[in-house]
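Below are the chains, spelled out letter by letter.
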Amino acid sequence: MAALLQVSELSTHFHLPHGTLKAVDRVNFSLENGETLAIVGESGCGKSVTAYSIMRLVMPPGRVESGEVLFAGQDLLRLAEKDMRELRGNHISMIFQEPMTSLNPVLTIGRQITEGLILHRRLLRDEAHSEGIDILQQVGIPSPAARFNDYPHQLSGGMRQRVVIAMALACRPRLLIADEPTTALDVTIQAQILELIDRLQSASGMGLILITHDLGIVAERALHTAIMYAGKIVEYSQTCELFRTPLHPYTQGLLNALPQNATPGQPLNAIPGHVPDLLADVPGCGFCDRCPVKEWHCLKEKPVMKEVGAGHLVRCWKFQ
Amino acid sequence: MSAPLLETTALRRHFTVKTGAFGAKKVLKAVDGIDLRLNPGETLGLAGESGCGKSTVARLLMGLMVPSAGEIRFRGRKLAEMGREDIFSFRKDVQMVFQDPFSSLNPRMRVGDIIAEPLTIHGLASRTQKREMILNLMEKVGLAREHFSRYPHEFSGGQRQRIGIARALAVSPRLIIADEPVSALDLSIQAQIINLLQELKKALSLSFLFIAHDLSVVRHMSDRVAIMYLGKIVETGGAEAVFSRFLHPYTEALLSAVPRIKPEQRKKQIILQGDIPSPLTPPPGCPFHTRCPYATPPLCTEVPPPLEEKETGHLAACHFSKNLYR
């Protein structure tokens, strides 16, 4: 069976006055129906731009330079804007980080949920209304009929994120991209929202791309995980394998730096230095100035992705 | 036991809020009767979700806000009774590190001047000494000499937090109040700043009030912890005791909500139903009863549980502490 989503050699660059920033640099991954892929990385590593590129929402000065995004067999990057609009919010949906800014403050939540239903599924206003209330019920909003005419500011952060999820799922998408869906929420609310996404996913069998910086969230739910650093995927594997035997020094560093993995009172194993400036195109490995095991050739040449175990890929000279 | 550095008794801060244009006035109890005690050289972690009042506590302790009731004592002296000069020296002894390294530094000032400002205000260094002192401080927090005359925008989040820490350290404080100092930082940088704070604490025998919502960070940093919910402390005690033998269902839920990396540490999550109630209309009885899986009416819905010592040095406000599933 063909994959639901097949991303190959995707590159997105930002053309800035002082140079070209390679936000996403030849990224490859694929996703099956009903599967969850996590993309993990720190701010500026290109994980959100990857999502925007798939959705074709990259704005100038950004531009998708090359690559292929096959969704159910058709290349999204070559679709006409009109056809893409047919897909967006219909077969592919996205949840954004900020429930505050991803809702329109001057429209009722009912209006915002039914918009997609009327547009994509050609429902009549009344049908959309009752369907909308159904969806609000599914995402766990208490007394949905009364809430239907509320404005976003009348809801709490967690409730707003439920509305955003309801909007994203209204047209029963086959692929959902969740970009840091719980970062802005409190931990107890985060647990609620993640459980909700899990439940809805297993009910509908959609594919999920979960973008996050929180390794804990990933460990509990994604089948595969891709670790991104400086615009590239540096390690890709089944999640349990990745946490058991992380191969890339950056992945190892991230896991070692977690307070959960340390003895209280003892210093944490921090990764020294900071994320490199992507404008400066270094000849060698992007991680080498922070890497504890670098060697001379790390500075000179870029490593490529190498399959080490079954389905475990890593971009590091140690394994070339 | 040594005399506490900072102590609060029945500390309250209420705000009057008008609801709507003609609405009735309501009282928001942001901080509602809190007893804290911070010993010299100790780190007290204050944890809770947004809106629980932890930042209001920080502002009260800094003297940036006047309590509605209750008192704050610093080295045995009441804050409310201090004169101008005493307050001035109190402000030198207690410094703050803020959450957002982007908005807490003046974008028009150079790094050197930012760190120098508290020294100038408190008249602690002559012009000639000042530069040397600042360079020393910068070295201590891991900034390079050449950063002296740069502007904040030239730095990453982690480095800006280092500037903020250097500024707080400039006047050799006894207590640092750190309000979510690492929550805006990336994971790999977070560990660097946590280590820096730990090192400084040891080297300068500082005390910390460490406010955070990330329990794994709080556990790592703190000697003792206090967990807040809706303006009240629901559990407090030694860090290990609170995290491994919690006595309040809210602590249990918070801990269970932290996603685990290691599969063997994973257990059935307790997912709390509903949102945090509005502090404007707190529920009667135990403030947590609306979300508590153990709540039993009528006791929990009618009688607010007092914060009691359940084990030595370990206090909790729950009627059913003994029944928690652990």
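Scope of this entry: the structure provided in the associated data block. (Residues numbered from 1 in each chain as written. Chains lettered and ligands numbered in written order. Predicted model: local features only at pLDDT ≥ 70, side-chain atom pairs only at ≥ 80, totals over all residues.)

## Thoughts on the overall build of chain A
So, step 1. Along its length, chain A carries 11 helices and 12 strands.
So, step 2. Against the globule reference of 20 Å for 320 residues, chain A gives a C-alpha radius of gyration of 21 Å, in line with a compact fold.
So, step 3. C-alpha atoms of chain A, sized along the principal axes, occupy 70 × 50 × 45 Å.
So, step 4. A burial count over chain A gives 48% of its 320 residues as buried.
So, step 5. Expressed as a percentage of contacts within chain A between residues at least 6 apart in sequence, the contacts between residues at least 24 apart total 62%. (Helix = DSSP H or I, 4+ residues; strand = E, 2+ residues; numbered from the N terminus. Rg over C-alpha atoms; globule rule 2.2 N^0.38 Å. Buried ≥ 20, exposed ≤ 12 C-beta atoms within 10 Å, placed from the backbone. Contact = placed C-beta atoms within 7 Å.)

## Section: the overall build of chain B
So, step 1. Summing up its helical and strand segments, chain B has 10 helices and 12 strands in all.
So, step 2. The C-alpha atoms of chain B give a radius of gyration of 21 Å, which matches the 20 Å a tight globule of 326 residues would have.
So, step 3. Projected onto the principal axes, the alpha-carbon positions of chain B cover approximately 70 × 50 × 50 Å.
So, step 4. Split into buried and exposed, the 326 residues of chain B put 44% on the buried side.
So, step 5. Restricting to contacts in chain B with at least 6 residues of sequence separation, those with at least 24 account for 66%.

## Section: the pairing of strand 2 (residues 19-31) of chain A
Residue and element names in this part refer to chain A.
So, step 1. Pairing of strand 1 (residues 5-16) with strand 2 involves 9 bridges; the strand directions are antiparallel. Paired with leucine 16 across the bridge in strand 2 is glycine 19.
So, step 2. In this antiparallel pair of consecutive strands, strand 1 and strand 2, the connection spans 2 residues. (Pairing = 2+ DSSP bridges.)

## Things to note about the packing of helix 5 (residues 157-169) of chain B against helix 6 (residues 187-204) of chain B
Residues and elements named next belong to chain B.
So, step 1. Helix 6 packs onto helix 5 with a crossing angle of 15 degrees between their chain directions and a minimal axis gap of 10 Å. Overall, the two elements helix 5 and helix 6 adopt an arrangement that is roughly parallel. Two packed elements cross with a definite hand, and for helix 5 against helix 6 that hand is right-handed. Here Gly157, Gly158, Gln161, Ile165 and Leu169 of helix 5 come into contact with helix 6, specifically with Ile189, Gln192, Ile193, Leu196 and Leu200.
So, step 2. A breakdown of the residues in the contact of helix 5 with helix 6 according to their chemical character gives 6 nonpolar, 4 polar and no charged. (Axes fitted to C-alpha atoms, helices over the stretch in contact; angles between N-to-C directions. Parallel < 35°, antiparallel > 145°, perpendicular 65-115°, else oblique. Left-handed = near helix turned anticlockwise from the far one by under 90°. Nonpolar A, V, L, I, M, F, W, Y, C, P; charged D, E, K, R; others polar.)

## Looking at the interface of chain B and chain A
So, step 1. Contact with chain B, which involves 31 residues of that partner, is made by 35 residues of chain A.
So, step 2. Of all the elements in the fold, those that place two or more residues in the side of chain B that touches chain A are helix 6, helix 7 (215-221) and helix 9 (249-257) of chain B.

## Description of the nonpolar core
So, step 1. With 184 residues, the main nonpolar core has Ala166(A), Ala166(B), Leu209(B) and Phe210(B) as its most contacted residues.
So, step 2. Ignoring sequence-local partners within four residues, the contact set of Leu209(B) consists of Leu38(B), Leu44(B), Leu46(B), Leu61(B), Leu175(B) and Ile177(B). (Core = buried A, V, L, I, M, F, W, Y, C linked by C-beta atoms within 7 Å.)

## What to know about the sheet that holds strand 5 (residues 77-78) of chain B
All names here are of chain B.
So, step 1. The strand order 2-1-4-5 describes an open sheet built from 4 strands, whose pairing is antiparallel. In this open sheet, the two edge strands, each paired with only one partner strand, are strand 2 (25-38) and strand 5.
So, step 2. Summarising the sheet, strand 1 (residues 6-18) and strand 2 pair through 11 bridges and their orientation is antiparallel. Bridging from a neighbouring strand, lysine 18 pairs with lysine 25 of strand 2.
So, step 3. Packed onto the sheet, helix 1 (residues 54-61) meets strand 1, strand 2 and strand 4 (69-74) and runs at close to 65 degrees relative to strand 2.

## Digging into the environment of Pro152(A)
Residues and elements named next belong to chain A.
So, step 1. Tracing the backbone shows proline 152 in the loop between helix 5 (144-147) and helix 6 (157-169).
So, step 2. Between the C-alpha atom of proline 152 and that of asparagine 104, which follows or precedes it by 48 residues, the distance is 7.5 Å.
So, step 3. Contacts of proline 152, omitting those with residues within four sequence positions, involve Leu103, Pro105, Ile109 and Arg160.

## Some remarks on the sheet that holds strand 6 (residues 92-95) of chain A
Residue and element names in this part refer to chain A.
So, step 1. The 8 strands lie next to each other as 6-7-8-3-9-10-12-11, forming an open sheet whose pairing is mixed. In the strand order of this sheet, the two ends are held by strand 6 and strand 11 (305-309), each with one partner. Sheet twist, expressed as the average angle between the axes of neighbouring strands with direction ignored, equals 20 degrees.
So, step 2. Here strand 7 (residues 175-179) pairs with strand 8 (residues 207-212) via 5 bridges, running parallel. Bridging from a neighbouring strand, leucine 175 pairs with glycine 207 of strand 8.

## Re unusual backbone geometry
So, step 1. Omega for the bond connecting Pro60(A) with Pro61(A) falls within 30 degrees of zero, at 10 degrees, which places this linkage in the cis form.
So, step 2. Position of Pro61(A) relative to the elements: it lies in the loop between helix 1 (47-54) and strand 4 (62-71).
So, step 3. The omega torsion of the bond from Pro297(B) to Pro298(B) falls at 0 degrees, within 30 degrees of zero and hence cis.
So, step 4. Within the element layout of this structure, Pro298(B) appears in the loop between helix 9 and helix 10 (299-302).
So, step 5. Even without being a glycine, Glu180(A) presents a positive backbone phi close to 50 degrees.
So, step 6. Among the structural elements, Glu180(A) can be located in the loop between strand 7 and helix 7 (187-204).

## Some points on the environment of Ile134(B)
Residue and element names in this part refer to chain B.
So, step 1. As for its placement among the helices and strands, isoleucine 134 is situated in helix 4 (residues 127-140).
So, step 2. Here isoleucine 134 falls in the buried class, since 24 other C-beta atoms lie within 10 Å of it.
So, step 3. With 22 residues separating them in the primary sequence, isoleucine 134 and glycine 112 have C-alpha atoms 6.7 Å apart.
So, step 4. Apart from the residues within four sequence positions on either side, isoleucine 134 is in contact with Gly112, Ile115 and Ala116.

## What to know about the environment of Ile109(A)
All names here are of chain A.
So, step 1. Residue position: isoleucine 109 is located in helix 3 (residues 109-120).
So, step 2. Along the primary structure isoleucine 109 and arginine 147 are separated by 38 residues, whereas in three dimensions their C-alpha atoms are 7.9 Å apart.
So, step 3. Excluding residues within four positions of it along the chain, isoleucine 109 makes contact with Arg147, Phe148, Asp150, Pro152 and Val163.

## Regarding helix 7 of chain A
Residue and element names in this part refer to chain A.
So, step 1. When the terminal C-alpha atoms of helix 7 are compared, their 26 Å separation across 18 residues agrees well with the 26 Å that a helix rising 1.5 Å per residue should span.
So, step 2. Taken together, the buried positions of helix 7 are Val187, Thr188, Ile189, Gln190, Ala191, Gln192, Ile193, Leu194, Leu196, Ile197, Leu200 and Gln201.
So, step 3. Phi for glycine 205, located one or two positions after helix 7, is positive at around 70 degrees. (Expected span 1.5 Å × (residues − 1).)

## As for the pairing of strand 1 of chain A
So, step 1. Across 8 bridges, the pairing between strand 1 of chain A and strand 4 of chain A is antiparallel. Directly across from Ser8(A), in strand 4 of chain A, lies its bridge partner Glu68(A).

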